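Working through the structure, step by step
Take a look at the letters that make up each chain.
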Amino acid sequence: MLPPTPGTIQAEGALPPHQRKSVTRVPVTPGVALGTYSKGYFDSALPESPEHDADGTAGGFPALEGDVISVTSTLPQIIEYDQASATKWELRRGTQRAALLDSLYFLSDESPWKHTVVAWTGEIQRRPVHDHEMRSEDKSGTALLPASLPTGSIPPKARFNEIFVTRHDQLQLEEQLYKDRLQTVPVWLAGENEVSDMGVKLRDQTRWRRYAEHDLCALLHYQQHPPDDGYKETARWADYVRMNQLFADKVSEVYNAGDVVLVHDYYLVLLPDLLRQRHPDMRIVFFTHTPFPSSELVRCLTRRKTILQGVLGSDLVAFQSFHYAQHFANSCSRILGLRAGSHSVSTPSRRVQLEVLPAGINVSEIHSLAWSVPVTEKCISLRKMYAGRKILVACDATDRLGGVDKKLLAFDRFLEMFPDWRHKVVLLQAFGPHVASEDEDGEDARYVRTVNALVHSINCKYGSLDYMPIQLHAQSLSTDDYFALMRSGDVALFTSIRDGMSTTSLEYVVCQQNTHGCTIISEFSGTASNLEEAIHINPWDTVDVAKQIHKALNMTAESRQDMFMALYRRLAEKDVKYWITSALRGLLSAVQRRQPAKSPGPAASVAVMREQKRNLLLQA
């Protein structure tokens, strides 16, 4: 279903449904969007798609001199290695979806440019002996979430023992990845004494994540770990510096003059500056997919100057919301003493442009996934299972940032304040295993126990033999199960206490094209600014959240449709193509506005690079 043009929602609000174009122009076949038909069938409803933009670029794509290189921390595949096997390597697609992944596939499949992905192999796993046990799936076609499951069943984080990969096997994997749909050049992360002509020794593979996740990610999400062993902190930082240097080596191998480099997220904040030292004219975009905190928090970071200077090696820094860009500019001003505003930061040699570019998703891809036959069958099963009841859906990782505990407290308060809804509403909460960081201090484990205790308490308080108000599914959902859940929800409840981007909230809107489910989203989510017409909540205010759940469940069909139309229109207009092409246009603009700087001689350039490298090593 394609929503009406902006402004028609309010204008049509006073008309009866049979006179609204947003109703009468909808195809009668469920799951078929207007864009499915050839041009001319619904010409009056389809937005114009000019072959050339105002600036003369073809098909809405900016004109680039070279290719596009996307640099991301890890591959979207899970890699398994069996040295004794003839095939050696097996690549399995992960079940996680993200806007970043959509951008990689868009650039590879739909853009006019040659696209290369540079990424770490991730923690390479030994192929399990009982391989079939690791791949067991629900073959019955019935929907999951039949009952409340204990989150204690989540398997512990995998530990990766030492693995030696021969040079021959390295080349085999590199060839296999380069021929993949995402033309990928892998980065092998290892210490200097762990690499030889014979191959590479992969030891303690999780160490490459530790600084990014324990120190940097926590602070970006407004969390601070108390000071710990200084030796461990120094070791984490040394590994982080080496990781970024190895990425810089690999990008330099594939880079040609005129190419554009897109660097993603906090694992690689040092990379833009490292690349700038080697290639002064390189055109670089740095995407922040997380929040960026107040300068007061950034000042607490031990490596604060190096982190900020690393990002400022970019030409353009893209943020999820305006407030994040403001915080970054304030940090550059207060910590580095630079002249900075919400649109740019001026360094001694260059001007770095700041832009608010919320991530977009591939709407057409979501349609094809969400309306497959298996998903439809699972959706029907879910609806039958909970017939006569309203369904609240939620999907979160097992970390504190998802705010699942706040959600459960609010749902408890909702059932207490509005007893008429008891036995008439169920919360289906997917609570997948969290793989983002090592839980060194045990807080995630305590959080999981808190969630379990809340679910047990609420179900005991309001449940009966034929009714459990909360169904907790404590495993990663398959793609089909995930989209069946999104399609089944009458209301989606997102209560994150801090996040940069919630792909799930965007995908839920797309999945509601026929049923117009209501979206409730935390104001602390970076995606909230993308979903202006949704119901915004403060997850800490459990009473208000309870009231908003009641409001959402009682919304009229017309109000739900109006909300859906407005939200869908925005997502369709600012999809993954809009996101990436806007970033590239911003990059070209930023390059044109670079302040000219005197180019030092070759000897001076080498001296500067050596000095900067020496400073990094000293900090390590």
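Residues numbered from 1 in each chain as written. Predicted model: local features only at pLDDT ≥ 70, side-chain atom pairs only at ≥ 80, totals over all residues. Heavy atoms only, no water.

Strand β4 (residues 115–120) sits mainly inside the fold: six of its six residues count as buried. Of the two faces of β4, the one carrying H115, V117 and A119 and the one carrying T116, V118 and W120 are both buried. Strand direction decides the pairing type here: β4 and strand β7 (residues 184–187), joined by four bridges, are parallel. Residue V118 lies in a different strand from β7, and its bridge partner there is V185. (Buried < 20%, exposed > 50% of the residue type's maximum accessible area, 1.4 Å probe, protein only. Helix = DSSP H or I, 4+ residues; strand = E, 2+ residues; numbered from the N terminus. Pairing = 2+ DSSP bridges.)

Moving on, we come to empty space enclosed by the protein. In this approach, a probe sized like a water molecule rolls over the atoms, and the result shows the empty space that is left. Evaluated as defined, the whole model comprises three cavities of 30 Å³ or more. A volume near 150 Å³ is recorded for the largest cavity. As for the largest cavity, its lining consists of 19 residues, and the residues nearest its centre are L220, V269, F292, I307 and V311. (1 Å grid on protein atoms, 1.4 Å probe; cavity = no way out; pocket = protein on both sides within 12 Å on 5 of 7 lines; lining within 4 Å. Points joined across faces, edges and corners; volume = space filled by probe spheres on them.)

It is worth spelling out helix α17 (residues 503–511) at this point. Most of α17 is tucked away, with nine of its nine residues classed as buried. Buried within α17 are the following residues: T503, T504, S505, L506, E507, Y508, V509, V510 and C511.

Backbone-to-backbone hydrogen bonds pair the strands of a sheet. The strands run either parallel or antiparallel. Spatial ordering of the open sheet is given by β6-β9-β8, a layout of three strands whose pairing is antiparallel. Strands with a single pairing partner mark the edges of an open sheet, and in this sheet they are β6 (163–166) and β8 (195–196). In this sheet, strand β9 (residues 199–202) lies alongside β8 in antiparallel orientation, the contact comprising two bridges. When the sheet's bridge partners are listed, S196 is paired in β9 with G199. Across the sheet, helix α5 (residues 167–178) is in contact with β6 and β9; its angle to β6 comes to roughly 80°. (Contact = heavy atoms within 4.5 Å. Axes fitted to C-alpha atoms, helices over the stretch in contact; angles between N-to-C directions.)

Turning our attention to the packing of aromatic side chains. Evaluation of the coordinates by the stated rule reveals 17 aromatic pairs. For the ring pair F287 and W579, a centre distance of 5.4 Å and an interplane angle of 70° mean the geometry is edge-to-face. Of the two residues, F287 sits in strand β11 (residues 283–287) while W579 sits in helix α20 (residues 576–592), which places them 292 residues apart along the sequence. W579 shares its class with F287; the two are buried. Joined through ring pairs, the aromatic side chains of F61, F106 and W113 make up one cluster. The positively charged end of R498 is found above the aromatic ring belonging to Y222, 3.8 Å away from the centroid. The ring of F61 is capped by K577, whose NZ or CZ atom sits 4.5 Å from the centre of that ring. (Phe/Tyr/Trp six-rings, centres within 6.5 Å; stacked < 30°, edge-to-face > 60°. Lys NZ or Arg CZ within 6 Å of the ring centre and 35° of its normal.)

Bringing the sheet that holds strand β14 (residues 344–346) into the picture now. In spatial order, the strands read β7-β4-β1-β10-β11-β12-β15-β14-β13; together these nine strands make up an open sheet with mixed pairing. Edge positions in the sheet fall to β7 and β13 (339–340), since each has one partner strand and no second. Across five bridges, strand β10 (residues 260–264) lies against β11 in parallel orientation. The residue bridging H264 from the neighbouring strand is F287, located in β11. Across the sheet, helix α3 (residues 99–109) lies against β1 (68–74), β4 and β10, angled at about 150° from β1, the strand it touches most.

In the structure shown here, the tally under the stated rule is 28 salt bridges. Salt-bridge contacts for E192 lead to R242; the nearest nitrogen and oxygen are separated by 3.9 Å. Of this pair, E192 sits in the loop between β7 and β8 while R242 sits in helix α7 (residues 230–254), placing them 50 residues apart in sequence. The residue R299 makes a salt bridge to E296 at a minimum N-O spacing of 3.0 Å. Bridged by salt links that share partners, the residues E194, R203, R207 and D239 form one connected network. (Salt bridge = Lys/Arg side-chain N within 4 Å of Asp/Glu carboxyl O.)

Turning to the nonpolar core, a few remarks are in order. L392, L408, F414 and V425 are the most contacted members of the largest nonpolar core, which totals 93 residues. Counting only domains with at least three residues in this core, you end up with domain 1 (68–126 + 161–205 + 242–360 + 596–618) and domain 2 (365–574). When residues no more than four places from it in sequence are discounted, the contact partners of L408 are L427, V451, L454, V455, I458 and I470. V187, L246, F292 and L312 belong to the second largest nonpolar core, which has 56 residues in total. (Core = buried A, V, L, I, M, F, W, Y, C linked by side-chain atoms within 4.5 Å. Domains from an automatic or database assignment.)

The next thing to look at is the environment of L262. Relative to the helices and strands, L262 is located in strand β10. Relative accessible area serves as the criterion here: at 0%, L262 is assigned to the buried category. Through-space distance from the C-alpha of L262 to that of V117 is 9.5 Å; in sequence the pair is 145 residues apart. If near-sequence neighbours (up to four positions away) are discounted, L262 is found in contact with V68, I69, S70, V71, L107, V285, F287 and L584.

What follows covers α20. Here α20 contains 17 residues, and its C-alpha end-to-end distance of 25 Å stays within 8% of the 24 Å for a straight helix at 1.5 Å per residue. Residues V576, W579, I580, T581, S582, A583, L584, G586, L587 and A590 constitute the buried set of α20. Buried residues along α20 sit against α3, β10, β11, β12 (316–319) and β15 (351–356). (Expected span 1.5 Å × (residues − 1).)

Attention now goes to the side chain of D180. Of note, D180 is situated in the loop between α5 and β7. Engagement of the side chain of D180 in a polar contact is seen with the backbone nitrogen of L182, the distance being 3.2 Å. Among all residues touching D180, those that are not within four sequence positions of it are Q77 and R93. (Polar contact = N/O pair within 3.5 Å; in protein donor to acceptor, adjacent residues only side chain to side chain.)

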